[in-house]
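An overview of the molecular structure
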Amino acid sequence: MTRIVLFENIHPSAKEVFSAAGFDDVITHASALPPKELRAAVRGAQVLGIRSRTQLDTEVLAEAEDLQVVGCFCIGTNQVDLDTAMLRGVPVFNAPFSNTRSVAELVLGEAILLLRRIPEKNDRVHHGFWDKTADGAFEARGKTLGIIGYGNIGSQVGTLAESAGMRVIFHDVEAKLPLGNARATTSLEKLLAQADVVTLHVPGGKATENIMNATTLGAMKKGAILINASRGTVVDIDALHQALESGHLSGAALDVFPVEPKSRDEALASPLIGLRNVILTPHIGGSTQESQENIGREVAEKLSRFLLSGTTKGAVNFPEISYQEQVGTARILHVHRNLPGAMGTLSNLMAERGLNIVSQQLQTRGQIGYVISDVEGVVDDQVMSLLRDHPITVRCSVVR
Ligand code: NAI
């Protein structure tokens, strides 16, 4: 029986997927557990499912002796000691795409609201004014959207914006296939010079720090709009404040900030607070009921597929082997130290026990190798002990 233990109120869609795949021993915890309780809860689990608040460090992983696989039901995976997991032969999966659409919809919505100056108008009505005017209000149709970072989210924003009649241009450091009628610009400056709305969808880190600064903000069209739902470090907030105050930009929407509050009771500290043409949201670009449900399903499917077939496609810390139909009477999943002769040793051990290999796939990554062998013959406890106890073996299991 495969025991699955889920923490942090993971969406019930995960349990549905496990159940459909034949895994019914699922224990769920509504929250993250304190360290001592966590160590007790992981004992005996073959599968652990966590979100961002459960730390699977070396100590906790050591308690999970039967662990085969970890699912992070979120995007980030730095709450798991990935190297320790890998060296233990445990792949870790996450959900990189499940909230793409949620972010893209928010960005398009904000672009339309800001083009119409709705944040300011909404505020005025709430304060007893009735400025019924078309001044400074524009349709999205025919306007140019400039996307910086044309990856999963950026390209989705582009297709949604086209359906609203926008012209889409993008800038990316890599060559990207344009979707719909989108066009790549040859430089960031060319994008900034043409776009009525600029939206950022780049990764964080040193290379993208303050991409939008006094110079690049100055290179945007007068009256343009800036949207950032990527990482807080990408925009120089003081320079943006200046560009908004001077009227060079007509509005902005920010979902992410260089320093974000740590809890719901803490206030955001930002010079942009109080500006009526700025939409500020608490890093909720990807947070919708649908994305939570999608994350539950996406990760549970990856875990189930791994348990049923050994495929590690999409694992963040592990040699990746794509799905292949099983042939033969049993499938042996073998993780070994990545040393010369390991495959020969494995084949000899199998031959010794009368197993005929009918199909085999190997991938290596760093210090480990992972091989899926479909065999004809009897794979009993003796065979499995022989394979598990051999010095080259990190972890070995069987799928029948
Ligand atoms: P992705 O990796 O699919 O796309 C990023 C793109 O940016 C890639 O095409 C890459 O080549 C490009 N890029 C990298 N450096 C660049 C540069 N200097 N100039 C131009 N292009 C550059 O990532 P994805 O999934 O689209 O996510 C984008 C951002 O959105 C990430 O920073 C992610 O953390 C953030 N995000 C924010 C959420 C929210 O709640 N606000 C939710 C999900 C993701």
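Residues numbered from 1 in each chain as written. Predicted model: local features only at pLDDT ≥ 70, side-chain atom pairs only at ≥ 80, totals over all residues. Heavy atoms only, no water.

1. Remarks on the overall build of the chain
Counting secondary structure elements, the chain contains 13 helices and 16 strands. C-alpha extents for the chain along the principal axes are approximately 85 × 45 × 35 Å. Taken across its 400 residues, the chain has 46% of its residues classed as buried. Across the chain, every contact between residues at least 6 apart in sequence was considered, and the portion connecting residues at least 24 apart equals 64%. Accessible surface for the chain amounts to roughly 19,400 Å². Of this, 50% is attributable to carbon and sulfur atoms. A gap of 4 Å separates the mean positions of the 38 positive and 44 negative side-chain charges of the chain. (Helix = DSSP H or I, 4+ residues; strand = E, 2+ residues; numbered from the N terminus. Buried < 20%, exposed > 50% of the residue type's maximum accessible area, 1.4 Å probe, protein only. Contact = heavy atoms within 4.5 Å. Areas by Shrake-Rupley, 256 points an atom, 1.4 Å probe, with all protein chains shown as cover. Lys, Arg positive; Asp, Glu negative; His and termini not counted. Charge placed at Lys NZ, Arg CZ, Asp CG, Glu CD.)

2. Notes on the pattern of salt bridges
For the coordinates displayed, the defined rule picks out 15 salt bridges. Among the ionic pairs, R297 bridges to E293, the shortest N-O distance being 2.9 Å. In this pair, R297 and E293 both sit in helix α11 (residues 289–309), 4 residues apart, roughly one turn of the helix. Close ionic contact of E298 with K302 constitutes a salt bridge, the shortest N to O distance being 3.1 Å. Residue E298 and its partner K302 are both found in helix α11; the two are separated by 4 residues, about one turn of the helix. You'll find E298 and K302 in the same group, each marked buried. (Salt bridge = Lys/Arg side-chain N within 4 Å of Asp/Glu carboxyl O.)

3. Here we look at the sheet that holds strand β5 (residues 92–93)
Here we have 5 strands laid out as an open sheet, ordered β2-β1-β3-β4-β5, and parallel in their pairing. The strands lining the two open edges of the sheet, one partner per strand, are β2 (26–28) and β5. Inspection of the sheet shows strand β1 (residues 4–6) paired to strand β3 (residues 47–50) by 3 bridges, in the parallel sense. Note on β3: the bridge partner recorded for V5 is L48. Along the sheet face, α11 touches β3, β4 (69–72) and β5 and points at about 170° away from the line of β4. (Pairing = 2+ DSSP bridges. Axes fitted to C-alpha atoms, helices over the stretch in contact; angles between N-to-C directions.)

4. A closer look at empty space enclosed by the protein
The tally for this structure, following the rule as stated, stands at 1 cavity of 30 Å³ or more. If you add up the space inside the largest cavity, you get close to 40 Å³. A class-by-class count of the residues in the lining of the largest cavity yields 3 nonpolar, 3 polar and 1 charged. (1 Å grid on protein atoms, 1.4 Å probe; cavity = no way out; pocket = protein on both sides within 12 Å on 5 of 7 lines; lining within 4 Å. Points joined across faces, edges and corners; volume = space filled by probe spheres on them. Nonpolar A, V, L, I, M, F, W, Y, C, P; charged D, E, K, R; others polar.)

5. Here's the deal with the site of the ligand
Of all residues adjacent to the ligand, which total 24 residues, the nearest are N152, I153, D172, V202 and D255. I153 places a main-chain nitrogen or oxygen 2.8 Å from an oxygen atom of the ligand. The fraction of the free accessible surface of the ligand (870 Å²) that becomes covered by protein chains is 81%. Split into classes, the residues belonging to the shell around the ligand amount to 8 nonpolar, 11 polar and 5 charged. (Near = heavy atom within 4 Å. Polar contact = N/O pair within 3.5 Å; in protein donor to acceptor, adjacent residues only side chain to side chain.)

6. Section: the pairing of strand β15 (residues 368–376)
Counting buried residues in β15 gives 8 out of 9 residues, a clear majority hidden from the surface. Where strand β13 (residues 330–337) meets β15, 8 bridges bridge the pair, whose relative direction is antiparallel. Bridging across to β15, A330 finds its partner in V375. As defined by bridge partners, strand β14 (residues 356–365) adjoins β15 across 9 bridges and the pair is classed as antiparallel. Among the inter-strand pairings, T364 is bridged to a residue of β15, identified as G369. Counted between consecutive antiparallel strands, the loop separating β14 from β15 contains 2 residues, among which G366 sits at a positive phi close to 55°.

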